[in-house]
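Geometric and topological summary
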Amino acid sequence: MQEVLNFGVDVAKAELVIGVVGHPQRNTTIPNADGPIKRWLKTVPSGSRIAVESTGEYHSRVIALAQERGFAAYVLNARDVYFYAKALGQRGKTDRVDAQLISRYVREHHDRLHTFHAGSPVEQEVNQLLRRRAALVMHQGGIAQSLKGLGSLEGGARALRAQVDRVLEQIDQRIEALIASQDDLAASAQQIRTVPGIGAQGAALLTCLFRRIDFAHEDALVAFTGLDPRPMDSGQKHGKRRLSKRGPALLRRQLFMMAFSASRTKLFKPVYEALRARGLSSTASFVILGRKLLKIAFALWRTQKPFAPERWIAKNA
């Protein structure tokens, strides 16, 4: 019986460092380009597993090409791999060591990992635009803060903000066109937008997420977002619950903003006020409300029905 090999790939913009635990002859370094990757994949035995850490976009090429050839491909949470290295007592860090570490991690934990699914080309572009939009908004805020109080630069700062706003508008228009280009995608996004507080960006993000990953239940979805409270108990001590924050930061930010918007609507304002009345901070209240919105959107996705406010009110009376 042929041994299943676990290839760990440390990804950089220019090159891929590849390692296989127990098979040093398979260790190699290749350019991060289509041709070299395809030639390397021809040498990989069928049935092998190929894993990378999430690196934004640099890992997408090797994962896509590996999946085209039928290999099980995994995109690992970098924090998981980091703490795994700490648990092993790893004292140094090089690209070769990281590749070997990823290989070992997949060999030991592949039974609880899910293979990566990037989604359709349209969904991939929507997600890419949403990530770029979030980064642009963040940088816009930093630039505005750095120029604050400089009267001599007020005109230039105002023109810069206007230019960024135009780019953001172009991104929003492109996302809207992509969603509208597929009837099923548009219908699902429109259903999710029937929830007060969820706008075009939130609906696009959640629709692409639900289509890309088949979540078994709503608790698995909440855990994926990183908005699940993490227990810190030991013996008689009951520590303070904190969010795991394991999922995509973009998704958590979007849910937070949706909750902020929903807290000002007629339907969800009483929910937010009740949470505040319990002594919770505004941030904690937005997190809880964001989880509620996420679960509602997931229910709409599964049932393919629009949001019914009166049914939600009756259920949560």
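This is a predicted model, so every value here is computed, not measured.

About the criteria used
- Within every chain, residues take consecutive numbers counted from 1 along the sequence as written.
- Reporting in this predicted model follows two pLDDT cut-offs: at least 70 for local features of residues, and 80 or more for side-chain atom pairs to be given and counted; totals over whole chains, interfaces and linings ignore these cut-offs and use all residues.
- Calculation of side-chain values draws on the structure's entire complement of heavy atoms; hydrogens and water are dropped beforehand.
- Secondary structure elements are defined from DSSP: runs of H or I of at least 4 residues count as helices, runs of E of at least 2 residues count as strands, and each element is numbered from the N terminus.
- Residue exposure (1.4 Å probe, protein chains only): buried if accessible area is under 20% of the type maximum, exposed if over 50%, otherwise partly exposed.
- Strand pairing follows a simple DSSP-based rule, namely that at least 2 bridges must link the two strands.
- With axes taken as lines fitted to C-alpha atoms, and helix axes fitted only over the stretch in contact, angles between N-to-C directions fall between 0 and 180 degrees.
- The criterion used for residue contact is that any of the two residues' heavy atoms lie within 4.5 Å.
- Take the buried residues of types Ala, Val, Leu, Ile, Met, Phe, Trp, Tyr and Cys, join any two whose side-chain atoms come within 4.5 Å, and each joined set is a nonpolar core.
- Pairs of N or O atoms within 3.5 Å make up the polar contacts considered here, provided that, within protein, one atom can donate a hydrogen while the other can accept it, and that residues adjacent in sequence are counted only when both atoms are side-chain atoms.
- Pairing of aromatic rings covers Phe, Tyr and Trp, the last counted by its six-membered ring, and requires centre-to-centre distances within 6.5 Å; plane angles under 30 degrees mean stacked, over 60 mean edge-to-face, and any other angle means tilted.
- We call a charge positioned above a ring when the Lys NZ or Arg CZ atom is no farther than 6 Å from the ring centre and deviates by at most 35 degrees from the ring normal.
- Here the word oblique covers every angle except those under 35 degrees (roughly parallel), over 145 (roughly antiparallel) and from 65 to 115 (roughly perpendicular).
- The hand of a helix crossing depends on one turn: near helix anticlockwise from the far one by less than a right angle means left-handed, and clockwise means right-handed.
- Residues are grouped as follows: nonpolar covers Ala, Val, Leu, Ile, Met, Phe, Trp, Tyr, Cys and Pro; charged covers Asp, Glu, Lys and Arg; every other residue, Gly included, is treated as polar.

Quick look at the environment of A189
As for its placement among the helices and strands, A189 is situated in helix α7 (residues 183-192). Exposure remark for A189: the relative accessible area of 6% places this residue in the buried category. In this structure the C-alpha to C-alpha distance between A189 and R166, which are 23 residues apart in sequence, comes to 24 Å.

Regarding the sheet that holds strand β5 (residues 72-76)
The strands that make up a sheet are held in pairs by hydrogen bonds between backbone atoms, and each pair lies either parallel or antiparallel. Across the sheet, which stays open at both edges, the five strands sit in the order β3-β2-β1-β4-β5 with mixed pairing between neighbours. Each edge of the sheet is formed by a strand with only one pairing partner; in this case those strands are β3 (28-31) and β5. Averaged over neighbouring strand pairs, the angle between their axes works out to 25 degrees when direction is ignored. As defined by bridge partners, strand β1 (residues 6-11) adjoins strand β2 (residues 15-20) across five bridges and the pair is classed as antiparallel. Note that in β2 the partner of D10 across the bridge is V17. Those strands touched by helix α1 (residues 34-41) are β1, β2, β3 and β4 (49-53), and its axis lies near 145 degrees from that of β3.

Topic: the nonpolar core
Among the nonpolar cores identified, the biggest contains 47 residues, and V126, L206, F210 and F268 are the most heavily contacted of them. Among the secondary structure elements, those contributing two or more residues to this core are α5 (121-146), α6 (154-180), α7, α8 (200-212), α9 (218-225), α10 (249-262), α11 (269-277) and α12 (282-303). One finds L5, L16, V52 and A66 within the second-largest nonpolar core, a separate group that totals 20 residues.

Description of the side chain of S48
You can see S48 is positioned in the loop between α1 and β4. S48 sits in the buried class, given a relative accessible area of 2%. In terms of polar contacts, S48 uses its side chain to reach the backbone carbonyl oxygen of P45, at 2.7 Å.

Some words on the packing of aromatic side chains
Scanning the model with the defined rule gives 10 aromatic pairs in all. When the centroid spacing of 5.6 Å and the interplanar angle of 75 degrees are considered together, the rings of F7 and W40 count as edge-to-face. Here W40 lies in helix α1 and F7 lies in strand β1, a separation of 33 residues in the sequence. For W40, a relative accessible area of 7% corresponds to the buried category. Through pairs of rings, three or more aromatic residues link up here, namely F210, F215, F224, F298 and W301. Here the basic side chain of R264 rests over the ring of F260, its NZ or CZ set 3.9 Å away from the ring centre.

Notes on the packing of α9 against α12
Where α9 contacts α12, the two axes come as close as 10 Å, and the packing angle between them is 130 degrees. It follows that α9 is oblique to α12 by the angle criterion. Seen along the crossing, α9 lies across α12 with a hand that is right-handed. Of the residues in α12, those touching α9 at E218, L221, V222 and T225 are R291, L294, K295 and F298. For the contact of α9 with α12, the class distribution of residues is four nonpolar, one polar and three charged.

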